Amino acid sequence: MLRALDWEKTSQGRRLHDLRHTAACLWLAHCVDLATVQAWCGQESAATTNRYLRFLGAGADIAGLERLNDGTE
């Protein structure tokens, strides 16, 4: 895949792992529930996935923590 995309030229210094972080942040910003993002990212702990919330700003932090704490996840 990296060769097909000519990744060294098209990546502009980004790693594929950076795309994973971007995807997780976008999913969380679009209200995909934390457990789903956790599963899609293959993470064992919701705490790991919860770290992405810090990139979304205070409003997203509060909303994400409220969802975690209300027991629906």
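The following refers to the structure shown. (Residues numbered from 1 in each chain as written. Predicted model: local features only at pLDDT ≥ 70, side-chain atom pairs only at ≥ 80, totals over all residues. Heavy atoms only, no water.)

We now examine the overall build of the protein. Looking only at helices and strands, the protein features 6 helices and 0 strands. Starting at the N terminus and ending at the C terminus, the protein contains elements arranged as α-α-α-α-α-α. Looking at the protein as a whole, 19% of its 73 residues are labelled buried. Surface summary for the protein: the accessible area is close to 5,300 Å², and the carbon and sulfur share equals 56%. (Helix = DSSP H or I, 4+ residues; strand = E, 2+ residues; numbered from the N terminus. Buried < 20%, exposed > 50% of the residue type's maximum accessible area, 1.4 Å probe, protein only. Areas by Shrake-Rupley, 256 points an atom, 1.4 Å probe, with all protein chains shown as cover.)

In this section: unusual backbone geometry. Only a minority of non-glycine residues have a phi that is not negative, and only a minority of peptide bonds are not trans. Not every positive phi belongs to a glycine, and C31 is a case in point at roughly 65 degrees. Mapped onto the elements of the fold, C31 is located in the loop between α3 (16-29) and α4 (34-41).

Moving on, we get to a nonpolar patch on the surface. A contiguous nonpolar patch, built from M1, L5, L16 and L19 and spanning about 390 Å² of accessible area, is present on the exposed surface. Relative to the helices and strands, M1 resides in the segment before α1 (2-5). (Patch = residues over 30% accessible without salt bridge, like charges linked within 9 Å, V, L, I, M, F, W, Y side chains within 5 Å. Salt bridge = Lys/Arg side-chain N within 4 Å of Asp/Glu carboxyl O.)

A word on the packing of aromatic side chains. As enumerated under the stated definition, the model contains 1 aromatic pair in all. With a centroid separation of 4.8 Å and 75 degrees between ring planes, the pair formed by W27 and W40 is classed as edge-to-face. With W27 in helix α3 and W40 in helix α4, the pair connects residues that are 13 residues apart, well separated along the chain. (Phe/Tyr/Trp six-rings, centres within 6.5 Å; stacked < 30°, edge-to-face > 60°.)

Quick look at the environment of C25 now. For C25, the position within the fold is in helix α3. C25 sits 27 residues away from Y52 along the chain, and the two C-alpha atoms are 5.8 Å apart.

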